[in-house]
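Coordinates in review
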Amino acid sequence: MGNFRNKMRRAGCQEVTVNAGKRSRSDPDNEPSHSNIKRPKRAEVNFLPNYPQGKDPSSLEQLRQTIVEEVKKTEKNLPLIRKMMETTFPLRRQTIVMSCPPVNELMDLWPALKIESESYAEFQRITNQNLPNTFYAELDHHLHRLMTLFRQKASKTGKTADALAEILKIHDEQERHDIHTNRTNILRALPVYLHEDVSGVFRTCTDESDEPELDGVAVALLTVISDHDTSPVHYQPVKISVVIEGDVVVSLPRFSDAFLVMFGLIYALHLSYPKALTNTFEFTQKILLGLESGKLSPRLQTLKNDLM
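Reference entry: report on the structure contained in this document. (Residues numbered from 1 in each chain as written. Predicted model: local features only at pLDDT ≥ 70, side-chain atom pairs only at ≥ 80, totals over all residues. Heavy atoms only, no water.)

Right, let's get into the overall build of the chain. Check the secondary structure of the chain and you find 13 helices and four strands. Buried positions account for 47% of the 308 residues belonging to the chain. The long-range fraction of contacts in the chain, counting pairs at least 24 apart against all pairs at least 6 apart in sequence, stands at 58%. Total accessible area computed for the chain in this model is approximately 15800 Å², and 47% of it derives from carbon and sulfur atoms. In the chain, 39 side chains carry a positive charge and 40 a negative one; their mean positions are 10 Å apart. (Helix = DSSP H or I, 4+ residues; strand = E, 2+ residues; numbered from the N terminus. Buried < 20%, exposed > 50% of the residue type's maximum accessible area, 1.4 Å probe, protein only. Contact = heavy atoms within 4.5 Å. Areas by Shrake-Rupley, 256 points an atom, 1.4 Å probe, with all protein chains shown as cover. Lys, Arg positive; Asp, Glu negative; His and termini not counted. Charge placed at Lys NZ, Arg CZ, Asp CG, Glu CD.)

Put into structure tokens, the structure is as follows:
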């Protein structure tokens, strides 16, 4: 493998070259070879692709500026944006993986990532998987079994059971046959079932008041409601905003769609999962999407066994 990687490095493969040239006798001031290794962590197939044949950074930069101008238009040419984003994908990955700029700078450079369809397309470029189709198909497939598991847990005693019982009580008052209602309930109940604290990631405010302080918030979903309803689940919010590094990136009408865009942007921007909801995001990645599914924590392996 060492010889193979040396040959790939000499051939100019970016995924190998990015970790080359570490500290040596000829370069003693460089960082150690074992520090800050840049490599795929969540089954990214196209982690750091090479530039397309006949393209270089300057030509791709011109395309990037064209994308910025196109996104500013009221009537956006989405097929054209998709094509240019596909072409500039290697330049974008170079910037994200190697430079690691703040998210607000990345969004200024690549504003098309704020478009819902483009965040899904970026996820597909990285993993070769259609995010909304796979996610919703698997989530809907497991809806009934997950709800059964949640009800069994809610029938017991304890803080987790009480929190689940409150969510399921609200669910019983809604239309059970509405697929969007069912998806919202599952995604709100799942982290509670996995004993995770959702208060830092799933936030709520009213449209009459100012939005809460978001400085220092790495990743969050901010649900804006029109009244002072204190229930843990809201089915008809004013909007749900995806917040990354304290900035609102995009706002959507449904919780499940906002959750999915947030998940896709975590991949697209090469971010870490929020520690408070690590199990929830790994459930999405490894069980629903089947990405690196062989490595599960004991809690997730138990849930997977129960689902099967």
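A word on the pattern of salt bridges. With the rule as written, the count across this model stands at 12 salt bridges. With a shortest N-O distance of 3.4 Å, E118 and R82 are connected by a salt bridge. In this pair, E118 is assigned in helix 7 (residues 116-127) and R82 in helix 4 (residues 78-87), connecting sequence segments 36 residues apart. Salt bridges linked by common partners bring R82, E86, R92, E118, E122 and R125 together as one network. (Salt bridge = Lys/Arg side-chain N within 4 Å of Asp/Glu carboxyl O.)

Here helix 5 (residues 89-99) lies mainly inside the structure; nine of its 11 residues are buried. The set of residues buried in helix 5 consists of F89, P90, L91, R92, R93, Q94, T95, I96 and V97. On its buried face, helix 5 is in contact with helix 2 (14-17), helix 3 (57-72), helix 4, helix 6 (103-109), helix 7 and helix 11 (255-268).

Backbone geometry at N128 places phi at a positive 60 degrees, although glycine is not the residue there. The residue N128 is located in the loop between helix 7 and helix 8 (131-154) in this model. For N128, a relative accessible area of 53% corresponds to the exposed category. Residues other than glycine seldom take positive phi values, yet H195 does so here, at roughly 60 degrees. In this structure, H195 sits in the loop between helix 10 (179-193) and strand 1 (202-206). Taking relative accessible area as the criterion, H195 reaches 44% and is therefore assigned partly exposed.

Let us now look at the environment of N30. Position of N30 relative to the elements: it lies in the loop between helix 2 and helix 3. For N30, a relative accessible area of 23% puts it in the partly exposed group. Discounting chain neighbours no more than four positions away, the residues touching N30 are G21, K22 and R23.

Turning next to the sheet that holds strand 2 (residues 219-225). Reading across from one edge, 1-2-3-4 is the order of the four strands in this open sheet, with mixed pairing throughout. Two strands close off the open sheet at either side, each with one partner strand: strand 1 and strand 4 (247-252). Taking the axes of each pair of neighbouring strands and ignoring which way they run, one obtains an average angle of 30 degrees across the sheet. (Pairing = 2+ DSSP bridges. Axes fitted to C-alpha atoms, helices over the stretch in contact; angles between N-to-C directions.)

A word on a negative patch on the surface. A surface patch of negative charge is lined by E105, D108, E213, D215, E245 and D247. Tracing the sequence through the fold places D247 in strand 4. Classification of D247 as partly exposed rests on a relative accessible area of 35%. (Patch = residues over 30% accessible without salt bridge, like charges linked within 9 Å, V, L, I, M, F, W, Y side chains within 5 Å.)

Let's shift gears to helix 4. Within the span of helix 4, buried status applies to I81, M84 and M85. Down the axis of helix 4, the buried set is contained in an arc of 100 degrees. They therefore lie on one face. Of the exposed residues in helix 4, the ones pointing more than 90 degrees away from its buried face are P79 and K83. (Arc of directions from axis to C-beta.)

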